[in-house]
There are 4 protein chains.
Amino acid sequence: MSLTDETRTQSGQPARLTRAQRREHFLDVAAALVAEGGFEAVTMESVAARAGVSKGLGYAYFDNRGELLAALFERETGEMDRPATTAADREETFEGKVRATVGVVFDVVSQKGPLLARLLRAEAEGPVDERRRKRQRVIEQRWARLIAEEFGVDEATSRAAAAVMLSSIPRVIELWATGKGSREELTETYTRMCTAAARDLGETG
Amino acid sequence: MSLTDETRTQSGQPARLTRAQRREHFLDVAAALVAEGGFEAVTMESVAARAGVSKGLGYAYFDNRGELLAALFERETGEMDRPATTAADREETFEGKVRATVGVVFDVVSQKGPLLARLLRAEAEGPVDERRRKRQRVIEQRWARLIAEEFGVDEATSRAAAAVMLSSIPRVIELWATGKGSREELTETYTRMCTAAARDLGETG
Amino acid sequence: MSLTDETRTQSGQPARLTRAQRREHFLDVAAALVAEGGFEAVTMESVAARAGVSKGLGYAYFDNRGELLAALFERETGEMDRPATTAADREETFEGKVRATVGVVFDVVSQKGPLLARLLRAEAEGPVDERRRKRQRVIEQRWARLIAEEFGVDEATSRAAAAVMLSSIPRVIELWATGKGSREELTETYTRMCTAAARDLGETG
Amino acid sequence: MSLTDETRTQSGQPARLTRAQRREHFLDVAAALVAEGGFEAVTMESVAARAGVSKGLGYAYFDNRGELLAALFERETGEMDRPATTAADREETFEGKVRATVGVVFDVVSQKGPLLARLLRAEAEGPVDERRRKRQRVIEQRWARLIAEEFGVDEATSRAAAAVMLSSIPRVIELWATGKGSREELTETYTRMCTAAARDLGETG
DNA sequence: AATGAATGAGGGTTCATTCAT
DNA sequence: CATGAATGAACCCTCATTCAT
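It should be emphasised that the depicted structure is a prediction, and the values quoted were computed from it without experimental measurement. (Residues numbered from 1 in each chain as written. Chains lettered and ligands numbered in written order. Predicted model: local features only at pLDDT ≥ 70, side-chain atom pairs only at ≥ 80, totals over all residues. Heavy atoms only, no water.)

## Structural notes on the overall build of chain A
Note the following rule: Labels follow the DSSP assignment, with helices taken as runs of H or I lasting at least four residues and strands as runs of E lasting at least two, numbered in each case from the N terminus. Throughout this description, buried means an accessible area under 20% of the type-specific maximum (1.4 Å probe, protein chains only), exposed means over 50%, and partly exposed covers the range between. Here a residue-residue contact requires only that any non-hydrogen atoms of the pair lie within 4.5 Å. All accessibility values rest on the Shrake-Rupley procedure with a 1.4 Å probe; residue burial counts only the protein chains present in the view. When charges are counted, Lys and Arg contribute as positive and Asp and Glu as negative, whereas His and the chain ends are disregarded. Charged side chains are reduced to one point each, which is NZ for Lys, CZ for Arg, CG for Asp and CD for Glu.
Broken down by element type, chain A carries eight helices and zero strands. Secondary structure elements of chain A, listed N to C terminal, follow the sequence α-α-α-α-α-α-α-α. Projected onto the principal axes, the alpha-carbon positions of chain A cover approximately 70 × 30 × 30 Å. Looking at chain A as a whole, 51% of its 205 residues qualify as buried. Contacts in chain A between residues far apart in sequence, at least 24 positions, make up 65% of those at least 6 positions apart. For chain A, the exposed area adds up to about 9900 Å²; of that, 47% sits on carbon and sulfur atoms. Computed over 30 positive and 33 negative side-chain charges, the separation of the two mean positions in chain A equals 5 Å.

Now the structure itself:
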């Protein structure tokens, strides 16, 4: 977020950034706006204003508002999902993987604040929703496979269970963010709930 | 939905409704619009047009767009939450109550179609979000009490558990709506997950 | 053009016009703008500004810019084509009809100034072009029939001849408007050219 | 059109062109764009993009967009008007000259496709319109002189007649382009119409 | 000679909201 | 109670043009 607000040279001219820098800058600004006011607050105009740049410049970097939002979604979720996957891969058990995943999510959210909650929950505008659905599918499949393998749950059930478990993560984060529990307590509770649920589905199912 | 579209007398005049009827009519129309196109589709103009009434009339019944939406939210969630509570109250066990609640939700969603899904998920405009938060608090507290009492889970944990469980319900409905499982399978899976999780939290916690 | 520019009451408020009046007013303003600067000069914004009315009001009367332009085209060409047809119908010979038509065109153009020339010539935006093509087809067919009947010209040739003749009318008007000839001289020359051409095509063809 | 698209050396560098070559290349690209989408499609940006060159470079060769379009107009109409004049000069009679001119127009249009039609008809932006008027004046004078000399028509009338005749040529081309007649039929009809008209004006006038 | 980042103005369109009638 | 004309602000998007490098 080093470039978020002021990007002006001493001469008062807006800084002339390279293409990649400006693009990141736009995404930084958009992230801040989502964090503050949700998707609605992200306007090509509001982004430009906050970036200290002229109205039309955003269109040199993103085809339209939807694509800007989609790019933001991909950047931010990627920064969470990659380390989460890595951390989970290091663990042997489902319980360990759940705990590791939640741990990474807490880490990322600690930095990103309300941004991710909004990114994941908001009623989505077209292009973002597409990305969201794709991401959801990918992650749910991974969890479903783990559940099926470790607990012997049949495929259909394990897919539903994965969906149910994952859909709660934003709420867990929200509980933490609003002071309804410590990170450790919430991690423990959520992990145990998932593990117990998966084990139970495997026993009788 | 009895008044949704045609509210004209045989003389072609707009029907003369009582204040309360007119208000309900507005909400009926708004409900239909949310079901079709989400919150965004609810415009003071679109509502008036569909209600067969002049543009400014809505303001005689609702302070502004936000309040119209909030009133809709309260009416619709109330029509789900009251029967859900009643049904749950008739059951003895947590498992029974979960199953009963989910059953009512499926029933209502079957009738109301996409309306409720949208009402519960959408990125909320201010006044709606207020109501949403309040409703969430009330319902979570009820579930938390049940969990605490039946499984001997401490208060903080049972509140987190209730929040986690409830946050998944929209996803369960979505799975059903998108054909990812039958009503029976999903009810069973979800109920077992909740019950197993609660039981586990009670054992060690 | 009585309403063209100032439509304000003594109190300084913009006049509150009936729907039909306001619509006509918009078309009057658009006509003036086309006359001055061609199609490009007609902007929803420029029209509103000249009409002394807020930017968005035009959209309460026309779906979009294209439809405003199309409505203008229909109104203006209709005011020329209806009397032209009537006048032509009163004449017996092709020569008489040509003369009568050109006479009406001159009459209308005298009032409307450069408006019609621009309306008929401009590279058309979609919706206008549609109307233009339709009008052209109708009028050419009428002339073609006359030529075929009076001079015994075969159908294909008479259709081409009608198209050729009619395509020159805007230029005739332009010659007059730029002082390259009197109304009488130009009418006489054009009428004789058409008649001689038609007769010739009938003789050998 | 030899340079239209690919102007890169094997090394992938943009080809190093002489100033004159680069200018021609810009005009080639602009011509292609007009042919495809009319004047509106010619953007300093679209031209640069298609030419494989940076956005600002056009301004090193043309003062502004209007001058680029004007240069295109002059180049393209010149390539039609010079052979047309040559061909007409080889003929003795007015009839022959008309036929020869129309022949060249057909030839050029066959190659250039929709480009010329658009160039000649489009609602003109300032600088282009200037050139168009000048060209019109020159060509009309030449035809007027022919009519005056061969048929003994007085000067004013022959100027009007020339204007009338020439204004139909784009329509003749359009008839052909839209399949409303063969090249031979249309040439014959148009030529006879012009000749008969001129002869008639000479007789009584 | 050439690049490409950036501006700034204009124009299309939608809506919540107000208010004269 | 009800209408519907009108406002005004916000947004989306495109482009001619400039200018630092």
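## Considering the interface of chain C and chain D
For clarity, the cut-off: Whenever a carboxyl oxygen of Asp or Glu lies within 4 Å of a side-chain nitrogen of Lys or Arg, that contact is scored as a salt bridge. Each polar contact in these results corresponds to two N or O atoms within 3.5 Å; when the atoms are within protein, one needs to be able to donate a hydrogen and the other to accept it, and residues that are neighboring in sequence are counted only if both atoms are side-chain atoms.
Taken together, the contact between chain C and chain D spans 35 residues of the former and 34 residues of the latter. If you look at where chain C meets chain D, you find four salt bridges. In this structure, C:D200 and D:R192 form a salt bridge, with 3.0 Å as the shortest nitrogen-oxygen distance. Here chain C is connected to chain D by eleven residue pairs in polar contact (both at pLDDT 80 or more). Looking at the side of chain C that touches chain D, the elements with two or more residues in it are helix 5 (115-121), helix 6 (126-151), helix 7 (155-167), helix 8 (169-177) and helix 9 (183-204) of chain C.

## As for the relation of the copies chain C and chain D
Both copies of the chain are placed relative to one another by a rotation about an axis and a shift along it. Using the following cut-off: The copies were overlaid with a least-squares fit restricted to C-alpha atoms from residues scoring a pLDDT of at least 70 in each copy.
Placing chain C over chain D gives an RMSD of 0.6 Å and needs a rotation angle of 178°, together with 0.4 Å of translation along the axis. Both copies are brought into coincidence by an operation consistent with a two-fold rotation axis. Closest approach to the rotation axis within chain C is made by the C-alpha atom of C:A197, at a distance of 2.5 Å. Interface overlap between copies is the fraction of interface residues in one copy that are interface residues in the other; for chain C against chain D it reaches 89%, indicating a shared surface.

## Quick word on the environment of A:V153
Residue and element names in this part refer to chain A. Structurally, V153 is set in the loop between helix 6 (126-151) and helix 7 (155-177). It is 7.8 Å that separates the C-alpha atoms of V153 and A198, two residues lying 45 residues apart in sequence. When near neighbours in sequence (up to four residues on either side) are disregarded, V153 contacts I147, A148, S158, A198, L201 and G202.

## Re the pattern of salt bridges
Under the definition given, this model contains 72 salt bridges over all chains. With a shortest N-O distance of 2.7 Å, C:R50 and C:E36 are connected by a salt bridge. One end of the pair, C:R50, is in helix 2 (residues 44-51); the other, C:E36, is in helix 1 (residues 19-37), with 14 residues separating them in the sequence. For C:D107, the salt bridge is made with C:R183, and the minimal N-O distance between the two is 2.8 Å. Pair noted here: C:D107 is in helix 4 (residues 94-112) and C:R183 is in helix 9, with a separation of 76 residues, a long-range link. A residue is classified by how much of its surface remains accessible, and C:D107, at 37% relative accessible area, is partly exposed. A single network of salt bridges, built from pairs that share partners, joins A:E24, A:D28, A:R75, A:E76, A:E79 and A:K112.

## Notes on the interface of chain B and chain A
The condition is simple: The term buried area refers to how much accessible surface (probe radius 1.4 Å) is lost by two components on association, counted for both of them together.
On the chain A side, the residues contacting the 32 residues of chain B number 33 residues. Between chain B and chain A lies a buried interface of about 2900 Å² when both sides are counted; carbon and sulfur atoms form 55% of it. The tally of links from chain B across to chain A stands at four salt bridges. Where chain B packs against chain A, one counts eleven residue pairs in polar contact (both at pLDDT 80 or more). Mapped by element, the contributors of at least two residues to the side of chain B that touches chain A are helix 5 (114-121), helix 6 (126-151), helix 7 (155-167), helix 8 (169-177) and helix 9 (183-204) of chain B. Tallying contributions element by element places helix 9 of chain B first for the side of chain B that touches chain A, with eleven residues.

## Focus on the protein's contact with DNA strand E
Rules: A molecule or strand has a residue near it when one of that residue's heavy atoms lies within 4 Å.
Around DNA strand E lies a shell of 37 residues, among which A:R16, A:S54, A:K55, B:T43 and C:R65 are the nearest. When atoms of DNA strand E within 4 Å of the protein are split into backbone and base, the sugar-phosphate part holds 60%. Between DNA strand E and D:R22, the relevant distance is 3.3 Å, taken from a phosphate oxygen to a side-chain nitrogen or oxygen of the residue. Broken down by secondary-structure element, the contributors of at least two residues to the surface near DNA strand E are helix 1 (19-37) of chain A, helix 2 of chain C together with helix 1 (19-37) of chain D.

## Digging into the arrangement of the chains
Without any contact between them, chain A and chain C keep their closest C-alpha atoms 19 Å apart. With no contact formed, the shortest span from any C-alpha in chain A to any C-alpha in chain D equals 12 Å.

## Topic: the protein's contact with DNA strand F
Stated formally: In this classification, Asp, Glu, Lys and Arg are treated as charged, Ala, Val, Leu, Ile, Met, Phe, Trp, Tyr, Cys and Pro as nonpolar, and every other residue, Gly included, as polar.
Near DNA strand F there are 36 residues, and of these A:R65, C:R16, C:L17, C:S54 and D:T43 occur at the shortest range. Near the protein, within 4 Å, the atoms of DNA strand F are sugar or phosphate in 62% of cases. At a separation of 3.3 Å, a phosphate oxygen of DNA strand F approaches a polar side-chain atom of B:R22. Within the backbone of C:L17, one N or O atom sits 2.8 Å away from a phosphate oxygen of DNA strand F. Taken together, the elements giving at least two residues each to the surface near DNA strand F come down to helix 2 (44-51) of chain A, helix 1 (19-37) of chain B together with helix 1 of chain C. Among the residues forming the surface near DNA strand F, the class breakdown is 14 nonpolar, nine polar and 13 charged.

## Remarks on the relation of the copies chain B and chain A
Take chain B, turn it by 178°, move it 0.3 Å along the axis, and it overlays chain A with an RMSD of 0.6 Å. Both copies share a contact surface, since 97% of the interface residues of chain B are interface residues in chain A too.

## Here we look at the domain arrangement of chain A
All names here are of chain A. Here is the rule we go by: How far each domain reaches was decided by an automatic or database domain assignment.
If you check the domain split of chain A, you get domain 1 (19-61) and domain 2 (66-204). Here the C-alpha centre of domain 2 lies 28 Å away from the C-alpha centre of domain 1. The partner domain 2 presents 13 residues to the 15 residues of domain 1 that form the contact. Between domain 1 and domain 2 lies a buried interface of about 1200 Å² when both sides are counted; carbon and sulfur atoms form 77% of it. Our count for the domain 1 to domain 2 interface comes out at two salt bridges. For E24, the salt bridge is made with R75, and the minimal N-O distance between the two is 2.7 Å. Joining domain 1 to domain 2, the criterion identifies three residue pairs in polar contact (both at pLDDT 80 or more). Counting residues per element, the ones that place at least two in the side of domain 1 that touches domain 2 are helix 1 and helix 2. Of the residues that constitute the side of domain 1 that touches domain 2, the class distribution is nine nonpolar, two polar and four charged.

## As for the packing of helix 7 (residues 155-167) of chain D against helix 9 (residues 183-204) of chain D
Residue and element names in this part refer to chain D. Rules: In this analysis an axis means a line fitted to C-alpha atoms, helices contributing only their contacting stretch, and an angle means the value between N-to-C directions, from 0 to 180 degrees. Note that the term roughly parallel is reserved for angles under 35 degrees, roughly antiparallel for angles over 145, roughly perpendicular for angles of 65 to 115, and oblique for everything else. Each crossing gets its hand from how the near helix is turned against the far one by less than a right angle, where anticlockwise is left-handed and clockwise is right-handed.
Where helix 7 contacts helix 9, the two axes come as close as 11 Å, and the packing angle between them is 165°. Accordingly, the angle class assigned to the pair helix 7 and helix 9 is roughly antiparallel. Seen from above, helix 7 lies across helix 9 with right-handed handedness. Together, T157, A161, M165 and L166 of helix 7 and Y190, C194, A197, A198 and L201 of helix 9 make up the contact between the two elements. Taken together, the residues of the contact of helix 7 with helix 9 break down into eight nonpolar, one polar and no charged.

## Looking at the state of the cysteines
Simply put, the disulfide is a covalent bond whose two ends are the sulfur atoms of two cysteines. Heads up, the condition is: Disulfide assignment relies on a single distance test, namely cysteine sulfur atoms paired within 2.5 Å.
If you walk through the whole model with that rule in mind, you get zero disulfides over all chains. Not engaged in a disulfide, the cysteine A:C194 finds its nearest cysteine sulfur in B:C194; these two sulfurs lie 11 Å apart. Here A:C194 falls in the buried class, since its relative accessible area comes to 3%.

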